[in-house]
Amino acid sequence: MRDEHDARRQVLMKKEREFEVGQDVFYPSAGVGVIEAMEEVVFGVEHELCYVIRIPENRVTIKVPKTKAVSNGLRPLLRGKDVKDLLEVLADKSSARPSGHWAEHYKDLERRIQSGGVLQVGSAVRDLMRLKAGAGLSFEEARLLEMADGYLARELAAVQGVTVEAARDIIRSSIGVGSEGV
């Protein structure tokens, strides 16, 4: 019975992750983009159907194999409840100060950002902005913050219908830091 339930859940999740031409999406390491086409690409002797995604922010076009889209972190943009959940994560006061070795803390932040999950990216932005407001950031942390805040702000701007700067203000306000946040 449990296996049957898990199988149905997998099918539903897969159906939720079918993307369409014209759909706005988020892709880790690239940000917000739009699926412009489906294209068959040859990898060695294999033929793969790929999503062709244009990233307007940096004028890049990427191709993501359809069979690996979900495992590579491709996802639809936020929806109503997701925005509310993101704002709650940003406002969460319980984020812990980094403990342990700096490299472990950095890897954790990088992992959260590269996951592409909006709540993970949001928690990394929150922690980095609070760290910046307090003790300050290393060069590497500042680079991570700039990248992650850009991803988050562009996605929030796209779904809220506001400018990227207005989205940054929403992020800063939710976290409780001033305009010097990034």
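What this report covers is the structure whose coordinates are included nearby. (Residues numbered from 1 in each chain as written. Predicted model: local features only at pLDDT ≥ 70, side-chain atom pairs only at ≥ 80, totals over all residues. Heavy atoms only, no water.)

**Describing the pattern of salt bridges**
Item 1. In this structure the tally under the stated criterion is 15 salt bridges.
Item 2. Salt-bridge contacts for Lys 66 lead to Glu 18; the nearest nitrogen and oxygen are separated by 3.4 Å. In this pair, Lys 66 is assigned in the loop between strand E4 (60–65) and strand E5 (75–76) and Glu 18 in the loop between helix H1 (2–16) and strand E1 (24–27), connecting sequence segments 48 residues apart.
Item 3. For Glu 18, a relative accessible area of 37% translates into the label partly exposed.
Item 4. For Asp 169, the salt bridge goes to Arg 172, with nearest N and O atoms at 3.0 Å. One end of the pair, Asp 169, and the other, Arg 172, are both in helix H6 (residues 164–175), 3 residues apart, so they sit about a helical turn from each other. (Salt bridge = Lys/Arg side-chain N within 4 Å of Asp/Glu carboxyl O. Helix = DSSP H or I, 4+ residues; strand = E, 2+ residues; numbered from the N terminus. Buried < 20%, exposed > 50% of the residue type's maximum accessible area, 1.4 Å probe, protein only.)

**Regarding the sheet that holds strand E2 (residues 31–43)**
Item 1. Ordered in space as E4-E3-E2-E1-E5, the 5 strands form an open sheet in which the pairing is antiparallel. The sheet terminates laterally at E4 and E5, the two strands that pair on one side only.
Item 2. Relative to E4, strand E3 (residues 46–55) runs antiparallel, the two sharing 6 bridges. Counterpart to Ile 53 in the pairing with E4 is Ile 62.
Item 3. Sheet strands in contact with helix H5 (residues 139–160) are E1, E2 and E5, and its direction is about 100° off that of E2. (Pairing = 2+ DSSP bridges. Contact = heavy atoms within 4.5 Å. Axes fitted to C-alpha atoms, helices over the stretch in contact; angles between N-to-C directions.)

**Observations concerning the environment of Pro 28**
Item 1. Within the secondary structure layout, Pro 28 lies in the loop between E1 and E2.
Item 2. Once the C-alpha coordinates of Pro 28 and Gly 73 are considered, the two residues, 45 residues apart in sequence, prove to be 6.1 Å apart.

**Quick notes on the nonpolar core**
Item 1. Among the nonpolar cores identified, the biggest contains 24 residues, and Leu 86, Val 125, Met 129, Leu 152, Leu 156, Ile 171 and Ile 175 are the most heavily contacted of them.
Item 2. For this core, the secondary-structure elements that each account for two or more residues are helix H2 (80–91), helix H3 (102–115), helix H4 (118–133), H5 and H6.
Item 3. Excluding anything up to four places from it in sequence, Leu 156 contacts Leu 78, Val 83, Leu 86, Ala 167, Ile 170 and Ile 171.
Item 4. One finds Phe 19, Ile 53, Ile 62 and Ala 69 within the second-largest nonpolar core, a separate group that totals 12 residues. (Core = buried A, V, L, I, M, F, W, Y, C linked by side-chain atoms within 4.5 Å.)

**What about the environment of Val 52?**
Item 1. Tracing the backbone shows Val 52 in strand E3.
Item 2. Using a relative accessible area of 7% as the deciding quantity, one classes Val 52 as buried.
Item 3. Sequence-wise, Val 52 and Gly 33 are 19 residues apart; in three dimensions their C-alpha atoms are separated by 9.8 Å.
Item 4. Apart from the residues lying within four places of it in its own chain, the contact partners of Val 52 are Val 34, Ile 35, Glu 36, Ala 37, Glu 39, Thr 61, Ile 62 and Lys 63.

Read these as layout, nothing more, since geometry by itself doesn't imply function.
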